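Working through the structure, step by step
Listed here are the chains, written in short residue letters.
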Amino acid sequence: MGERSIGRRHFLRRTAAGGALVGMGDFGFLRDLPAVTAEEARPDPERVAFLPDIEGTVRLIEETPRADLLEAVGRRVRSGKLSYQEVLSALMLAGVRNIQPRPSVGFKFHAVLVVNSAHLASLASPDGDRWLPIFWALDEFKKSEARDIKEGGWTMGPVDEARVPPPRRAKRAFIRAMDRWDVEGADAAAAGLARGVGAQEVFELFAEYGVRDFRSIGHKAIYVANSWRTLQTMGWRHAEPVLRSLAYALLNHNGEPNPSESDLAPDRPWRENEVLAEEMGGNWRGGAVDGEATTEMLEALRSEGVETVCGNVAAWLGRGVSPQSMFDAFFAGSGELLMRQPGIVALHAMTSTNALRYIYETVSGDRLRRRVLLQNAAFLPLFREAMRGRGEVRDERIDDLQPLEMTVGGGGAIEEIFDDVGRDGMRAARRLLGYLDSGGLPEPMMDVARRLIFLKGTDSHDYKFSSAVLEDFYEVSPEWRNRMLAASVFKLRGAKARDNALVKRTREALS
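Let me begin by describing the structure that accompanies this report. (Residues numbered from 1 in each chain as written. Predicted model: local features only at pLDDT ≥ 70, side-chain atom pairs only at ≥ 80, totals over all residues. Heavy atoms only, no water.)

**A word on helix H17 (residues 344-362)**
- Its 19 residues place the ends of H17 27 Å apart at the C-alpha level, agreeing with the 27 Å of an ideal helix rising 1.5 Å per residue.
- Burial of H17 is extensive: 16 of the 19 residues sit out of reach of the surface. (Helix = DSSP H or I, 4+ residues; strand = E, 2+ residues; numbered from the N terminus. Expected span 1.5 Å × (residues − 1). Buried < 20%, exposed > 50% of the residue type's maximum accessible area, 1.4 Å probe, protein only.)

Quick look at the structure:
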């Protein structure tokens, strides 16, 4: 794929009229549309082409102006011409074709990263709300597309077919290219993997390279997890452009010297953890959950460096402590960072831990699973240090958080919690902890949290964070899960926040 910037997609001159095409049998209206020349209709040799059954929907998303896109898609959904899966697939493909995951796997590229988060929010929503996250993600794509155009108009080009290895050689070619940080070689090898190697084996390969360095504050691991999860809905037949985009993203190294020829700080934990992983013993997953180990690991995460924290993880596991106890500390520690500084860095500590836990549970290789666990441990001190210089870092401890007794129960208690969210984060956290500790059900609170994201959310991080933390509640041991969820209120949306305009537009588009 390379670093070059190539020609941008053509925009229709009168796209709004194009939305009226669906479901009409009288073609008289075509006289009002601009003529389409043979040159315009010909496939663009400068950009990757998708399968014919999805290309038209991708172009609809690409070429329809932002102000008209929700209505244009809504017309096709109402007429039965577009399904949820088709919209989700086309949205993901439009993102990987048109949004460059450089100079960082974040920023404008969140339009791609957020697709799975929007999908998770849809799955967890009542039927009447299920389209809202996806329509929000459509609008987010258009915003990022505009930014990409402003930055030069990058588009993914066709793969160099002469370099694509046959399936029997694709794995070796991919490993060689990724180890050398070779963009062109990895692009061709990724295409070869998609065409003839099993999906699980491909995931294992990308997982290893997605967790090997801390560049882009965890977004590489997030992209691995989220793209894989989205492909489960899209279907593997759409994998090739997604894997090419993913390989390109994972090879981003911020303009530094080639990491394969240098000793750079973001790469050291991976190399050091390779040694630790070998020392963990064969029965490292068979231990018991130990609250004391979690507490001690949480204390280490507050002050110790990467080497000490990772060494402690290996030592605990070697003494028969379950990996669950370590993940409890990781999730609690991420929540505590939010309490200490409720900003963008701490938010990504939580979303990265979500991605790393998913990768840990999904890979099959024991060696890789060990290293993913150790990388999660390594990332958290790096997040902690990255918070310095970004404002006050308060001395808050998640295990010192005191529940606030609720004066009302049920829905009234949840209403009180979200009245405080966004205005007094600590009081909201204490209220939520009091609600949960007194037997309040988490699901009604989660439903309200999602609904408020739909109504008030303005940023891709609203969806990324809420989808991650609400999912992770069930991944944490009962001793810690209420505190982890209570800490999340620092980055959720409150009832007093201003409504966004997209819910009204979506409902009108689909009504």
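**Here we look at the packing of aromatic side chains**
- Counted under the stated rule, the structure contains 16 aromatic pairs.
- Ring geometry for Phe 473 against Tyr 474: centres 5.1 Å apart, planes inclined by 90°, an arrangement best described as edge-to-face.
- On the accessibility criterion, Phe 473 (4% relative accessible area) is buried.
- Among the aromatic residues, those joined into a ring-pair cluster are Trp 284, Phe 327, Phe 330 and Tyr 360. (Phe/Tyr/Trp six-rings, centres within 6.5 Å; stacked < 30°, edge-to-face > 60°.)

**Structural notes on the packing of helix H5 (residues 84-98) against helix H6 (residues 110-123)**
- Contact pair H5 / H6: the axes reach a minimum separation of 9 Å and the direction vectors enclose 160°. With respect to their mutual orientation, H5 and H6 come out roughly antiparallel. As for how H5 packs across H6, the hand of that crossing is right-handed. Between H5, through Tyr 84, Leu 88, Leu 91, Met 92, Gly 95 and Val 96, and H6, the contact on the second element is made entirely by Val 112, Val 115, His 119 and Ser 122. (Axes fitted to C-alpha atoms, helices over the stretch in contact; angles between N-to-C directions. Parallel < 35°, antiparallel > 145°, perpendicular 65-115°, else oblique. Left-handed = near helix turned anticlockwise from the far one by under 90°. Contact = heavy atoms within 4.5 Å.)

**With respect to the environment of Glu 204**
- Following the sequence through the fold, Glu 204 ends up in helix H10 (residues 199-210).
- Classification of Glu 204 as buried rests on a relative accessible area of 15%.
- A C-alpha to C-alpha distance of 28 Å links Glu 204 and Gly 335, two positions 131 residues apart in sequence.
- When neighbours within four sequence positions are excluded, Glu 204 is seen to be in contact with Thr 362, Val 363, Ser 364, Gly 365 and Leu 368.
- Within the local environment of Glu 204, its side chain forms a polar contact with the backbone nitrogen of Ser 364, the two atoms lying 2.5 Å apart. (Polar contact = N/O pair within 3.5 Å; in protein donor to acceptor, adjacent residues only side chain to side chain.)

**Some words on the environment of Glu 299**
- Turning to its location among the elements, Glu 299 is positioned in helix H14 (residues 291-303).
- According to the relative accessible area criterion, Glu 299 is partly exposed, its value standing at 35%.
- Through-space distance from the C-alpha of Glu 299 to that of Gly 333 is 8.8 Å; in sequence the pair is 34 residues apart.

**Side note on unusual backbone geometry**
- A cis geometry characterises the amide bond from Arg 102 onward to Pro 103, with omega recorded as 5°.
- With respect to the secondary-structure elements, Pro 103 resides in the loop between H5 and H6.
- For Trp 181, which is not a glycine, the phi torsion comes out positive at approximately 55°.
- Tracing the backbone shows Trp 181 in the loop between helix H8 (167-180) and helix H9 (183-196).
- Its relative accessible area of 8% is what places Trp 181 among the buried residues.
- Although it is not a glycine, Ile 217 sits at a positive phi angle of roughly 35°.
- Examined against the element boundaries, Ile 217 turns out to sit in the loop between H10 and helix H11 (219-234).
- A relative accessible area of 25% places Ile 217 in the partly exposed class.

**Considering the nonpolar core**
- Among the nonpolar cores identified, the biggest contains 163 residues, and Phe 206, Tyr 223, Met 326, Phe 330, Ile 359, Leu 373 and Met 445 are the most heavily contacted of them.
- No other element matches the 10 residues that H17 contributes to this core.
- With residues near it in sequence (within four places) discarded, Met 445 still touches Ile 414, Phe 418, Leu 432, Tyr 435, Leu 485 and Leu 492. (Core = buried A, V, L, I, M, F, W, Y, C linked by side-chain atoms within 4.5 Å.)

**Considering the packing of H10 against helix H12 (residues 239-250)**
- Between H10 and H12, the least distance of the axes is 10 Å, while the angle of their chain directions is 20°. Regarding the angle of H10 to H12, the classification is roughly parallel. H12 is crossed by H10, and the crossing has left-handed handedness. Counting all contacts with H10, which are made through Val 202, Phe 206, Tyr 209 and Gly 210, the residues of H12 involved are Leu 243, Leu 246, Ala 247 and Leu 250.
- A per-class count over the contact of H10 with H12 returns seven nonpolar, one polar and no charged. (Nonpolar A, V, L, I, M, F, W, Y, C, P; charged D, E, K, R; others polar.)

**Quick notes on the pattern of salt bridges**
- Summed over all chains, the structure comprises 44 salt bridges.
- The residue Glu 475 makes a salt bridge to Arg 357 at a minimum N-O spacing of 3.4 Å. With Glu 475 in the loop between helix H22 (460-472) and helix H23 (478-487) and Arg 357 in helix H17, this residue pair connects regions lying 118 residues apart in the sequence.
- Taking relative accessible area as the criterion, Glu 475 reaches 24% and is therefore assigned partly exposed.
- For Arg 357, a relative accessible area of 7% gives the class buried.
- Connected through shared salt-bridge partners, Arg 47, Glu 55, Arg 59, Glu 62, Glu 63 and Arg 97 make up one network. (Salt bridge = Lys/Arg side-chain N within 4 Å of Asp/Glu carboxyl O.)

**Remarks on the side chain of Ser 322**
- Here Ser 322 shows up in the loop between helix H15 (306-318) and helix H16 (323-340).
- In contact with Ser 322, not counting residues within four places along its chain, are Gly 287, Ala 288, Val 289 and Leu 317.

**Structural notes on H11**
- The terminal C-alpha atoms of H11 lie 21 Å apart, and with 16 residues this matches the ideal 22 Å at 1.5 Å per residue to within 8%.
- Across the 16 residues of H11, 14 count as buried, placing the element largely inside the fold.
- One or two steps after H11, the chain reaches Gly 235, where phi turns positive at roughly 105°.

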